[in-house]
Amino acid sequence: MQLTIGLIIFITTFYLIITEKVPGPIATLLGGLSMALVGIINEHEALHAIGSRLEIILLLVGMMIIVHFISETGVFQYLAVKVAQLVKGEPFPLLVLLAVITAVCSAFLDNVTTILLMAPVSILLANQLKVDPFVYIITLIMSANIGGLATLIGDPTQLIIGAEGKIGFNDFLINTAPVAIISLIMLIITVYFMYGRKMVVSRDLKARVMELDASRSLKDMKLLQESATIFALVIFGFLMNNFIDKGLAIMALTGAVVLIVITKREPIEVFKHVEWDTLFFFMGLFMLIQGIEATGLVDIVGDNIVEHTRGNFPLAVSMIMWVSALFTSVIGNVANAAMVSKIIHFMIPSFEGMQTTTFWWALSMGSLLGGNITILASATNVVAINSATKAGCKISFGKFMKFGLVIAVQSLIAANLYLWIKYF
């Protein structure tokens, strides 16, 4: 009975999210609180589900504040225009450089923020060159998700995996960044053969792009210097955390507070730009997953994977990656990472003596690369599609999936081969 009730709550929660009948944060909070109200978990367990992952919440708060300061400077728009002029308005080289910038920024900033800043600029440049803005926006979305795979802070999904697997910043950089680079190259090649060869524009249109004044995008050079310095120090702290052991959340929050102090901003002004809806979404999600774990569903799924793999570790790793990608396409990569991490914890004792950290890399790759399959698979996708719609470029669910599925499958195959070659 408890399993049935828990599944009803879980399925209802994601039905509300997918259909957008209720805002995501409210849906997950309702789901998580319902788990407690019906007795599947108690108050202590519900609060522990949040408290045990407080580092994720506080790290997000710190990075959101720092990214807000950087975004105020207009540096993203400046870079986009400069890149367009660097390639002399040639549409496909421009697309390649925008994709690379988006991927790199997504690796070190919140990829939702990155796509929010890059999407309108890419649509503007596409319209200036009179090429289909769909190609630009869809490529940047895929680049953002792929770039998020490269580091621990590239996507909230990575933070969950890092916390659950006790994995550091440098470990992600060494183990997942190569797959991100390979996937980005494959994306660019695929876009070229599908769309790039048809991108031909007149000299007049190229000249218009060359006439754009990039310097007008920069709004506050002093703030840019201050925020860039603090951001660089925070990233350096992340890289050195294995040696100084201060904690990522502490370093991110310190950077955020220092920026508030040196810019003499009122805290209430800054805190308005923290994405509280995202934070409450996570809180509800953590309680919801705690409830699902209490029903025994995680043990059942874990048992089935162990039974079907029959001790075949490479097969088990592949199953984790492909199952994660499938779940991600339906419930989103954050929810998938939170749920499948519990399955991995259950499976690890059955593969004692093996390199079980590989399970976490498989989950990371399945979640982030699977995030390109559907619009619902990643918050980045939803934000970018909404931004594109406002700019007059409407992308349907089917059109997105038709392109996204190709990119996701080829990058997942490459990731699977990478896992087999590197770890077995």
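This is a predicted model, so every value here is computed, not measured.

About the criteria used
Residues numbered from 1 in each chain as written. Predicted model: local features only at pLDDT ≥ 70, side-chain atom pairs only at ≥ 80, totals over all residues. Heavy atoms only, no water. Helix = DSSP H or I, 4+ residues; strand = E, 2+ residues; numbered from the N terminus. Rg over C-alpha atoms; globule rule 2.2 N^0.38 Å. Buried < 20%, exposed > 50% of the residue type's maximum accessible area, 1.4 Å probe, protein only. Contact = heavy atoms within 4.5 Å. Areas by Shrake-Rupley, 256 points an atom, 1.4 Å probe, with all protein chains shown as cover. Patch = residues over 30% accessible without salt bridge, like charges linked within 9 Å, V, L, I, M, F, W, Y side chains within 5 Å. Salt bridge = Lys/Arg side-chain N within 4 Å of Asp/Glu carboxyl O. Phe/Tyr/Trp six-rings, centres within 6.5 Å; stacked < 30°, edge-to-face > 60°. Lys NZ or Arg CZ within 6 Å of the ring centre and 35° of its normal. Core = buried A, V, L, I, M, F, W, Y, C linked by side-chain atoms within 4.5 Å. 1 Å grid on protein atoms, 1.4 Å probe; cavity = no way out; pocket = protein on both sides within 12 Å on 5 of 7 lines; lining within 4 Å. Points joined across faces, edges and corners; volume = space filled by probe spheres on them. Nonpolar A, V, L, I, M, F, W, Y, C, P; charged D, E, K, R; others polar. Polar contact = N/O pair within 3.5 Å; in protein donor to acceptor, adjacent residues only side chain to side chain. Expected span 1.5 Å × (residues − 1).

> Hey, could you run me through the overall build of the protein chain in this one?
In terms of helices and strands, the protein chain carries 23 helices and zero strands. The C-alpha atoms of the protein chain give a radius of gyration of 22 Å, which matches the 22 Å a tight globule of 424 residues would have. The buried share among the 424 residues of the protein chain stands at 57%. Considering only residue pairs separated by 6 or more positions, the protein chain has 81% of its internal contacts joining residues 24 or more positions apart. Total accessible area on the protein chain stands at roughly 18000 Å², and carbon and sulfur atoms take up 66% of it.

> Sorry if this is basic, but what is going on with a nonpolar patch on the surface here?
Judged by side-chain polarity, Trp322, Phe397, Met401, Leu405, Val409, Ile413, Leu417, Trp420, Ile421 and Phe424 come together as a nonpolar surface patch covering roughly 910 Å² of accessible area. It is helix 23 (residues 397-423) that provides the largest number of residues to the nonpolar patch, a total of eight residues. Mapped onto the fold, Val409 is located in helix 23. Overall, Val409 belongs to the partly exposed group, its relative accessible area being 33%.

> I'm lost on the packing of aromatic side chains in this one. Help?
Two descriptors summarise a pair of aromatic rings, namely the distance from one centre to the other and the angle between the planes of the rings. With the rule as written, the count across this model stands at 14 aromatic pairs. On the numbers, 5.5 Å between centres and 85 degrees between planes, the contact of Phe313 with Phe424 is edge-to-face. Residue Phe313 is located in helix 19 (residues 313-331), and its partner Phe424 is located in the segment after helix 23; the two are separated by 111 residues in the primary sequence. Judged by centre distance (5.6 Å) and plane angle (70 degrees), the ring pair of Phe351 and Phe359 falls under edge-to-face. Like Phe351, the residue Phe359 is buried in the burial classification. Through a chain of ring-to-ring contacts, the aromatic side chains of Phe313, Phe351, Phe359 and Phe424 assemble into a single cluster. Looking at Arg53, its charged tip hangs above the ring of Phe286, at a distance of 4.9 Å from the centre. For the cation-ring pair, Lys399 lies above Phe134, with the distance from its terminal atom to the ring centre recorded as 4.2 Å.

> Honestly, the nonpolar core in this entry has me stumped. Any pointers?
A general trend in soluble globular proteins is that nonpolar side chains are found buried together. Ranked by size, the top nonpolar core spans 146 residues in total, and within it Phe238 and Met365 carry the most contacts. Take this core: its biggest share by element is 12 residues, from helix 4 (residues 54-72). Every residue in contact with Met365, bar those within four places of it in the chain, is listed here: Leu149, Asn175, Thr176, Val179, Met321, Gly370, Leu412, Ala415, Tyr418 and Leu419.

> I keep staring at the layout of surface pockets and nothing clicks. Help me out?
A water-sized probe rolled over the atoms picks out the places where empty space is left. As a volume, the largest pocket reaches approximately 850 Å³. In this structure, the largest pocket is lined by 33 residues; those nearest its centre are Ile17, Gly24, Phe281, Ala379 and Val382. Broken down by secondary-structure element, the contributors of at least two residues to the lining of the largest pocket are helix 1 (2-19), helix 2 (24-37), helix 7 (111-129), helix 17 (276-295), helix 19, helix 20 (333-347) and helix 22 (379-390). Looking at side-chain class alone, the lining of the largest pocket contains 21 nonpolar, seven polar and five charged residues. As a volume, the second largest pocket reaches approximately 300 Å³.

> So what exactly am I meant to see when it comes to the side chain of Thr157 here?
Along the chain, Thr157 falls in helix 9 (residues 156-165). Thr157 sits in the buried class, given a relative accessible area of 0%. Within the structure, the side chain of Thr157 is placed 2.7 Å from the side chain of Asp155, a separation counted as a polar contact. Residue contacts for Thr157: discarding those within four places in its chain leaves Asn333, Val334, Ala337, Ser367 and Leu368.

> Where do I start with unusual backbone geometry in this structure?
Residues other than glycine predominantly adopt negative phi, and peptide bonds predominantly adopt the trans conformation. In this structure, Lys130 is a non-glycine residue whose phi angle is positive, near 55 degrees. Looking at Lys130, the relative accessible area reads 60%, which means it is exposed. A positive phi is found at Lys166, a non-glycine position, where the angle reads about 55 degrees. With respect to the helices and strands, the residue Lys166 is situated in the loop between helix 9 and helix 10 (169-175).

> Please clarify how helix 21 (residues 357-369) should be interpreted in this entry.
Because the α-helix completes a turn every 3.6 residues, residues three or four places apart line up on one side. The end-to-end C-alpha separation of helix 21 is 19 Å, in line with the 18 Å expected for 13 residues at 1.5 Å each. For helix 21, the tally of buried residues reaches 12 of 13 residues, placing the bulk of the element in the interior. Every buried residue belonging to helix 21 is among Thr358, Phe359, Trp360, Trp361, Ala362, Leu363, Ser364, Met365, Gly366, Ser367, Leu368 and Leu369, and all of these are buried.

Nothing here speaks to function; it is geometry throughout.
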